[in-house]
Amino acid sequence: MARAILIVLDSVGCGGAEDAHLYGDAGADTLGHIALACAEGRGDRAGLRSGALALPNLVRLGLAHACEASTGTPLAGIAKPARPEGRYGYGVERSQGKDTPSGHWEIAGCPVSFPWGYFTALEQSFPPELVDAIIRAGALPGILGNRHASGTAIIDELAAEHIATGKPICYTSVDSVLQIAAHEQYFGLERLYDLCRKVRVLVDPLRVGRVIARPFVGTPETGFTRTGNRKDFAIPPPDETILDRLVAQGRPLVTVGKIGDIFAHRATGEEIKPFGNAAMFAAALAAWERLPDGGFCFVNLVDFDTEFGHRRDVPGYAAALEAFDAMLPRLEAALRPGDLAILTADHGNDPTWPGTDHTREHVPILAFGPGIAPEPIGRRESFADIAATLGLWLGIGPVGPGRGW
């Protein structure tokens, strides 16, 4: 029986979204703008990287062709091969929003048909009744923050007060999210998780996509650092996903990274959650090598988004892309006849764009494996085409409203 692995390069969009203006993102292009910045020397950082963006393996599989098809503009500083070795195209998001759950659920065959709830006020973002309920539920002396903010910036600003008062730091963004940051020792990691579980229930009526625990460590003297113990508390997808279908049919299933959190741990099989792209890629390869016939491995590599996109770090983002590209041949070598690998993204996060939030973009789609003939798959009118394709490949039937290629 066939196997498949799907890797989501979190936030690695390829521009071109026709409705980007509705989100304030007209012209955003994560891959295109990173390539341009690198070609112009704005992606250089001493000791990290320099020069044009170098993604030989992704480009060989069709990335440059997919990006140019999406935007009409070549990737700066990158030469396209005459004939890519993989199937390549790009996906158009049909769900509302530009967030992680929307993108992943649609990829899995369940586009979001309802409007998410957002906290739109930049200051005093959470309604007073919600703040009061959070304080009561957690037996808290109060909360700090209560505004739109960058996670690293607000922790740097308020961590000392948090330690002194015991008040957790609560903040949001343009995404449908309520984030709670707290010190692992002074507040307690399990206490933070328990608080987030309670807040998850409180925001369910508001259709808020995620409550995110953001633990950190450190002191005012040494500075503060977020740890790898982040945990997302999401609402479950409203309809069947490819994961549900696979579990119902008893197929082997491994999910790596924050996939379990994104799907509210419903039908997520064996969950593996190391910290960092390299560790997650290594864990995915180890799981893939022992995955039985008929199995599926679903991977999210989040560092592109959290470490570099939100921080508007062009050299860091470019270096992370190049590091993934260098690891890719290890996956290709692990594929055997009957295996399918798909690389895609869930949204954009253009590090050259104003602000610190996701950007509404198309996403690249690259598919490859032994015996799979290279050809363009063109413009896919929904991310759900990925689930439809995987369902057909794995022999469980098409899943969701997409059209398999």
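Residues numbered from 1 in each chain as written. Predicted model: local features only at pLDDT ≥ 70, side-chain atom pairs only at ≥ 80, totals over all residues. Heavy atoms only, no water.

*Asks:* Just to check I follow, could you spell out the packing of aromatic side chains for this structure?
*Replies:* Each aromatic ring pair is summarised here by two numbers: the centre-to-centre distance and the angle between the ring planes. Per the stated rule, a full pass over the model turns up 9 aromatic pairs. Consider the rings of tryptophan 105 and tryptophan 116, whose centres lie 5.5 Å apart with planes at 45 degrees: the pair is tilted. Of the two residues, tryptophan 105 is situated in helix H4 (residues 100-107) and tryptophan 116 in the loop between H4 and helix H5 (128-138); the sequence distance between them amounts to 11 residues. On the basis of relative accessible area, tryptophan 116 is assigned to the buried category, the value being 5%. Chaining the aromatic ring pairs together yields one cluster made of Trp105, Phe114 and Trp116. (Phe/Tyr/Trp six-rings, centres within 6.5 Å; stacked < 30°, edge-to-face > 60°. Helix = DSSP H or I, 4+ residues; strand = E, 2+ residues; numbered from the N terminus. Buried < 20%, exposed > 50% of the residue type's maximum accessible area, 1.4 Å probe, protein only.)

*Asks:* Got a minute to help me understand the environment of cysteine 297 in this structure?
*Replies:* Tracing the sequence through the fold places cysteine 297 in strand E11 (residues 296-301). Taking the C-alpha atoms as reference points, cysteine 297 and glutamate 161, 136 residues apart in sequence, are found 42 Å from one another. What cysteine 297 contacts, discounting residues up to four positions off in sequence, is Ala4, Ile5, Leu6, Val254, Val256, Ala284, Trp288 and Leu291. (Contact = heavy atoms within 4.5 Å.)

*Asks:* Just to check I follow, could you spell out the pairing of strand E1 (residues 3-9) for this structure?
*Replies:* Residues in a regular strand project their side chains so that they alternate between the two faces of the sheet. With respect to burial, E1 is a largely interior element, 7 of its 7 residues being buried. Of the two faces of E1, the one lined by Arg3, Ile5, Ile7 and Leu9 and the one lined by Ala4, Leu6 and Val8 are each fully buried. Relative to strand E12 (residues 339-344), E1 runs parallel, the two sharing 6 bridges. What sits directly across from isoleucine 7, in E12, is leucine 343. (Pairing = 2+ DSSP bridges.)

*Asks:* Just checking my understanding: could you explain the environment of proline 374 for this structure?
*Replies:* With respect to the element layout, proline 374 can be found in the loop between strand E13 (363-368) and strand E14 (376-380). Taking the C-alpha atoms as reference, proline 374 lies 8.0 Å from arginine 83; in sequence the two are 291 residues apart. Sequence-distant contacts of proline 374, defined by excluding residues within four places in its chain, comprise Arg83, Pro84, Glu85, Gly86 and Arg87.

*Asks:* What exactly am I supposed to notice about the packing of H5 against helix H7 (residues 184-203) here?
*Replies:* What describes two packed helices is the angle between their axes and the distance between those same axes. Contact geometry of H5 with H7 gives a least axis separation of 10 Å together with a crossing angle of 140 degrees. If you check the angle between H5 and H7, you find them oblique. Crossing of H5 against H7: the hand is right-handed. Contact residues: H5 offers Leu130, Ala133, Ile134, Ala137 and Gly138, while H7 offers Arg191, Leu195, Lys198, Val199, Leu202 and Val203. Class assignment for the residues of the contact of H5 with H7 results in 8 nonpolar, 1 polar and 2 charged. (Axes fitted to C-alpha atoms, helices over the stretch in contact; angles between N-to-C directions. Parallel < 35°, antiparallel > 145°, perpendicular 65-115°, else oblique. Left-handed = near helix turned anticlockwise from the far one by under 90°. Nonpolar A, V, L, I, M, F, W, Y, C, P; charged D, E, K, R; others polar.)

*Asks:* What should I look at first to understand unusual backbone geometry in this one?
*Replies:* Notably, histidine 265 is not glycine yet its phi reads approximately 60 degrees, a positive angle. Tracing the chain through its elements places histidine 265 in the loop between helix H9 (259-262) and strand E10 (270-272). Since its relative accessible area comes to 43%, histidine 265 is described here as partly exposed.

*Asks:* Looking at this structure, I do not really get the pattern of salt bridges. What am I missing?
*Replies:* Close approach of charged atoms lets side chains of opposite charge pair. Per the stated rule, a full pass over the model turns up 27 salt bridges. Its salt-bridge partner being aspartate 261, residue lysine 273 comes within 2.5 Å of it at the nearest N-O pair. Of this pair, lysine 273 sits in the loop between E10 and helix H10 (277-290) while aspartate 261 sits in helix H9, and the two are 12 residues apart along the sequence. A residue is classified by how much of its surface remains accessible, and aspartate 261, at 4% relative accessible area, is buried. (Salt bridge = Lys/Arg side-chain N within 4 Å of Asp/Glu carboxyl O.)

*Asks:* When you look at the sheet that holds E13 in this model, what are you seeing that I'm missing?
*Replies:* Sheet strands associate in pairs through backbone hydrogen bonding, adopting either a parallel or an antiparallel arrangement. An order of E10-E9-E11-E1-E12-E13-E2-E14 is seen for the 8 strands of this open sheet, with the pairing classed as mixed. Both outer strands of the open sheet, E10 and E14, are each paired with one neighbouring strand and no more. Taking the axes of each pair of neighbouring strands and ignoring which way they run, one obtains an average angle of 15 degrees across the sheet. Where H10 meets the sheet, it contacts E1, strand E9 (253-256), E10, E11 and E12, and its direction lies at approximately 175 degrees from that of E11.

*Asks:* Looking at this model, I keep getting lost on helix H3 (residues 63-71). Mind explaining?
*Replies:* The periodicity of an α-helix, 3.6 residues per turn, causes residues three or four places apart in sequence to face the same way. Those residues of H3 that fall on the buried side of the exposure criterion are Leu63, Ala64, His65, Ala66, Cys67 and Ser70. Buried-residue contacts for H3 involve helix H1 (30-39), helix H2 (56-61), strand E2 (87-91) and E13. Just beyond H3, the residue with positive phi is glycine 72, at close to 80 degrees.

*Asks:* I'm lost on the state of the cysteines in this one. Help?
*Replies:* All told, the structure shown has 0 disulfides when counted by the stated rule. Here cysteine 196 is not cross-linked by a disulfide; its sulfur's nearest cysteine counterpart is in cysteine 170, at 8.3 Å. The exposure class of cysteine 196 is buried, given its relative accessible area of 0%. (Disulfide = S-S within 2.5 Å.)

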